[in-house]
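Summary of structural features
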Amino acid sequence: GPPGTGKTDMIDAFTHILDEKKVEYYKGSVTHVAAALVGGNTLTHMRMRLRYKKQIWIILDEANFTSATQWCWLARFQFVGCKFLICGDFAGQFLPITSQYESFDYDALEFSDFMHGLCKGLHIDLTSYFRGNDKAHHEADRATFLYLSK
């Protein structure tokens, strides 16, 4: 979702529930800064750390920056019972740096069959601005996307 719609708070609340239930999860993002803000690791780090994990939750923030190659790597976790919480501002952010070299339709990703399958069909739009009273920096009409698998 756009800035200020509660993605980070939602991730925090969700991981609190997972902690209470003693469910294993890993949080991450493409860049070091975004990974640090969510309290996780980069996807490159997660790739090595999670290669033998099964039936865990993978929580991805700033998913709109994820390259096609990284999506392929993440998709393989479906086959070992992993579930996904995928957050991002697909409509309002820049594409991954690799998008200029790949023939991958990033604009169609958010509503693709791939994302539908990865997230078990659940798609939630976050559209309310919660970060203070300064709504000038928030585009209320912009679509916000949050994917959550069951």
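Residues numbered from 1 in each chain as written. Predicted model: local features only at pLDDT ≥ 70, side-chain atom pairs only at ≥ 80, totals over all residues. Heavy atoms only, no water.

Looking only at helices and strands, the protein chain features five helices and six strands. The linear arrangement of helices and strands in the protein chain, starting from the amino end, is α-β-α-β-α-β-α-β-α-β-β. When contacts within the protein chain are restricted to residue pairs at least 6 apart in sequence, long-range pairs at least 24 apart make up 72% of them. Taken as a whole, the protein chain presents about 8700 Å² of accessible surface, with 55% of it coming from carbon and sulfur. (Helix = DSSP H or I, 4+ residues; strand = E, 2+ residues; numbered from the N terminus. Contact = heavy atoms within 4.5 Å. Areas by Shrake-Rupley, 256 points an atom, 1.4 Å probe, with all protein chains shown as cover.)

Take the packing of aromatic side chains next. Evaluated as defined, the whole model comprises three aromatic pairs. Here the aromatic rings of Trp71 and Phe114 are separated by 5.9 Å at their centres, their planes lie at 80 degrees, and the arrangement is edge-to-face. Here Trp71, found in helix 4 (residues 68-75), pairs with Phe114, found in helix 5 (residues 113-118); they are 43 residues apart in sequence, far enough to count as distant. Judged by its relative accessible area of 29%, Phe114 is partly exposed. Where Trp73 meets Phe77, the ring centres are 5.3 Å apart and the plane angle is 85 degrees; that geometry is what we call edge-to-face. Exposure class is identical for Trp73 and Phe77. Each is buried. It is Arg76 that lies over the ring of Phe77; its NZ or CZ is 4.6 Å from the centre. (Phe/Tyr/Trp six-rings, centres within 6.5 Å; stacked < 30°, edge-to-face > 60°. Buried < 20%, exposed > 50% of the residue type's maximum accessible area, 1.4 Å probe, protein only. Lys NZ or Arg CZ within 6 Å of the ring centre and 35° of its normal.)

By size, the foremost hydrophobic cluster in this structure holds 20 residues, and its most contacted members are Ile58, Trp71, Leu74, Ile86 and Met115. Contributions of two or more residues to this core are made by helix 3 (43-49), strand 3 (57-60), helix 4, strand 4 (83-88) and helix 5. Ranked by the residues each element gives to this core, the list is headed by helix 4, at three residues. Discounting residues that sit within four places of it in the chain, Leu74 has contacts with Leu43, Ile58, Leu60, Thr66 and Phe84. Counting eight residues, the second largest nonpolar core, distinct from the first, contains Ile11, Leu18, Val38 and Leu85. (Core = buried A, V, L, I, M, F, W, Y, C linked by side-chain atoms within 4.5 Å.)

In this model, the protein chain carries a mean pLDDT of 78, and residues with pLDDT of at least 70 account for 71%. Ignoring residues within four places in sequence, the model shows residues 137-150, a span with pLDDT below 50, making 61 contacts including any to other chains. (pLDDT = per-residue confidence, 0-100.)

Let us look at helix 1 (residues 7-20). Between its first and last C-alpha atoms helix 1 spans 20 Å; for 14 residues at 1.5 Å apiece the expected length is 20 Å, and the two agree. Considered for burial, the residues of helix 1 that qualify are Lys7, Ile11, Phe14, Thr15 and Leu18. The arc enclosing the buried residues of helix 1, seen along the axis, measures out at 100 degrees, which places them on a common side. Those residues of helix 1 that are exposed and angled more than 90 degrees off the buried face are Asp9 and Glu20. Positive backbone phi, at 55 degrees, marks Lys22, one or two positions downstream of helix 1. (Expected span 1.5 Å × (residues − 1). Arc of directions from axis to C-beta.)

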